[in-house]
Amino acid sequence: PTGFADPAPDFTALVAKTKDAVVSIEVESRVKEPTTFNGLPPEVFEDFFGLPAPFGALPFEQDAPRERVLEGQGSGFIIDSDGYILTNAHVVEGADKVRVQLNNNKEYSAEVIGLDKRTDIALVKIQGEHLPVAKLGDSDQVQVGDWVLAIGSPFGFTHTATKGIVSAVARNLPRGDYVPFIQTDAAVNPGNSGGPLFNSKGEVIAINSQIYSRSGAFNGLAFSIPINMAKNIADQLKDKGEVVRGWLGVLIQGLDQTLAESFGMDSPHGALVAEVMENSPAAKAGIENGDVITEFNGKPVNKSADLPALVATTPIGNKADIKLLRDGKEETVKAEIGNLNDVSGDGKASASIRGLSLGTLENEDREALDYRGKGVRISGVKPGSA
């Protein structure tokens, strides 16, 4: 039968069309090793001899501090003929030297223009002219089942091509609150980081960023940063040297079936507001603890992890329409989005709460507590969590 699946693209032609814009990245970082005495670290003397450092006239010689050179590898791709290259932040973070090798084996020294650890995006530049450029696609149009091609330098094997399909879209991962990852089964290994994920038209739809594996090698689960988000980050790094994100000022929690039913919902969806920060845009808009945000600026919030990325990409000062469920009734409020960079602390004001398990406040709980008001029951707290 026809019409049920797209035929496999001509990968030979696809690689020939795209490979010249893909680069291999090598980095060097110098780290100082801890000070030692007679080859032993200070804590050995403290633990076994009860001697505080410094040791004064005692016969322990302090070894000269040494530097160790760490080397790393990654991938990237050229997005501008003048030499701008996109890669992962974790590839070049802390690097003292960055070298870029093109498909024709020509090497360049590269400058890190800027990086954003929250999305794992970095922009680097080499001094070149009329360089081959990767064509960028539209990651919003990506669908599960689409053919994809990855090119990178796994384990240092430069310009390795692997194929697969899109396994999932808008996949949320721990420590990835701002990135709705594209999941693929194209083989990706250490060294592929920062390399492009192409669609069947030869357009970059994502940046290969990380894998899920119990062995450390590819296990069929690779995650890539959508190119629309990466391009936005790169433009900000190029123009302003930093990334500006929208801020709402709520701590949120996901819902399960039992919790959803306690709020009068047929199925679990949306983001439960666990806390509203003082003087935040959410507080000024009248958002309250216990509200369930179901839509942000016309876009559905299917799960709590959807909200941070939606808020982060909203321009500062814009007024966003927020649809929420309160006491079983739908309401819409307007919030003027603030700047996350202005928030004190670690800035994770919109991150979901982890380590907290919530459940329904049953009748027997209310009787035991002699409480008849609103609320949810805390059924568990993970040790060591916030």
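Here, every reference points to the structure presented above.
Please read these numbers as outputs of a predicted model, since none were measured by experiment.

(A) Geometry of the overall build of the chain. Looking only at helices and strands, the chain has eight helices and 23 strands in total. For the chain, with 386 residues in total, the buried portion stands at 42%. Once local pairs closer than 6 in sequence are excluded, the contacts in the chain between residues at least 24 apart make up 63%. Entry remark: accessible area of the chain is about 20,600 Å², with carbon and sulfur atoms responsible for 48%.

(B) Main features of the packing of aromatic side chains. If you walk through the whole model with that rule in mind, you get two aromatic pairs. Seen from their ring centres, phenylalanine 181 and phenylalanine 223 are 6.4 Å apart, and the 75 degrees between their planes marks the pair as edge-to-face. Taken together, the residues phenylalanine 181 in strand E10 (residues 181-184) and phenylalanine 223 in strand E13 (residues 222-226) connect sequence positions 42 residues apart. Here the two residues phenylalanine 181 and phenylalanine 223 agree in accessibility, since each one is buried. The positively charged end of lysine 125 is found above the aromatic ring belonging to tyrosine 84, 5.3 Å away from the centroid.

(C) Expanded view of the sheet that holds strand E6 (residues 121-126). Pairing is antiparallel around the closed barrel formed by six strands, whose spatial order is E1-E2-E3-E6-E5-E4. Pairs of neighbouring strands in the sheet enclose a mean axial angle of 40 degrees, with direction left out of account. Sheet topology note: the strand E1 (residues 22-32)/strand E2 (residues 67-78) ladder contains eleven bridges and is antiparallel. Each bridged residue has a counterpart across the sheet, and for valine 22 the counterpart in E2 is phenylalanine 77.

(D) Expanded view of the pairing of strand E5 (residues 107-116). The pairing of strand E4 (residues 97-101) with E5 spans three bridges and is classified as antiparallel. Opposite valine 100, over in E5, you have tyrosine 108 as the bridge partner. Joining the antiparallel neighbours E5 and E6 is a turn of four residues, in which aspartate 120 adopts a positive phi near 65 degrees.

(E) Looking closely at the environment of alanine 234. Along the chain, alanine 234 turns up in helix H4 (residues 227-240). What makes alanine 234 buried here is its relative accessible area of 2%. When the C-alpha atoms of alanine 234 and isoleucine 79 are compared, they prove to be 9.8 Å apart, with 155 residues separating the residues in sequence. Among residues more than four places away in sequence, those in contact with alanine 234 are Leu86 and Leu123.

(F) Quick look at H4. Under the 1.5 Å per step criterion, the end-to-end length of H4 is 19 Å for 14 residues, consistent within 8% with the ideal 20 Å. Buried within H4 we find Ile227, Met229, Ala230, Ile233, Ala234, Gln236 and Leu237. Positive backbone phi, at 80 degrees, marks glycine 241, one or two positions downstream of H4.

(G) Molecular detail of the environment of aspartate 177. Relative to the assigned elements, aspartate 177 resides in the loop between strand E9 (160-171) and E10. The spacing of aspartate 177 and aspartate 306 is 129 residues in sequence and 8.2 Å in space, taken between C-alpha atoms.

(H) Just unusual backbone geometry, in detail. Even without being glycine, phenylalanine 155 reaches a positive phi, approximately 55 degrees. Within the element layout of this structure, phenylalanine 155 appears in the loop between strand E8 (147-152) and E9. Its relative accessible area of 53% is what places phenylalanine 155 among the exposed residues. The phi angle at aspartate 327 is positive, at roughly 55 degrees, despite the residue not being glycine. Looking at where aspartate 327 falls in the secondary structure, it is placed in the loop between strand E19 (319-326) and strand E20 (329-336).

(I) Inspection of the side chain of glutamine 183 at higher detail. Of note, glutamine 183 is situated in strand E10. Classification of glutamine 183 by relative accessible area gives buried; the value is 8%. Once you skip the residues sitting within four places of it in the chain, glutamine 183 turns out to touch Ile165, Val166, Ser167, Ala168, Arg171, Leu221, Ala222 and Phe223.

Calculation criteria
Residues numbered from 1 in each chain as written. Predicted model: local features only at pLDDT ≥ 70, side-chain atom pairs only at ≥ 80, totals over all residues. Heavy atoms only, no water. Helix = DSSP H or I, 4+ residues; strand = E, 2+ residues; numbered from the N terminus. Buried < 20%, exposed > 50% of the residue type's maximum accessible area, 1.4 Å probe, protein only. Contact = heavy atoms within 4.5 Å. Areas by Shrake-Rupley, 256 points an atom, 1.4 Å probe, with all protein chains shown as cover. Phe/Tyr/Trp six-rings, centres within 6.5 Å; stacked < 30°, edge-to-face > 60°. Lys NZ or Arg CZ within 6 Å of the ring centre and 35° of its normal. Pairing = 2+ DSSP bridges. Axes fitted to C-alpha atoms, helices over the stretch in contact; angles between N-to-C directions. Expected span 1.5 Å × (residues − 1).

By themselves these figures say nothing about function.
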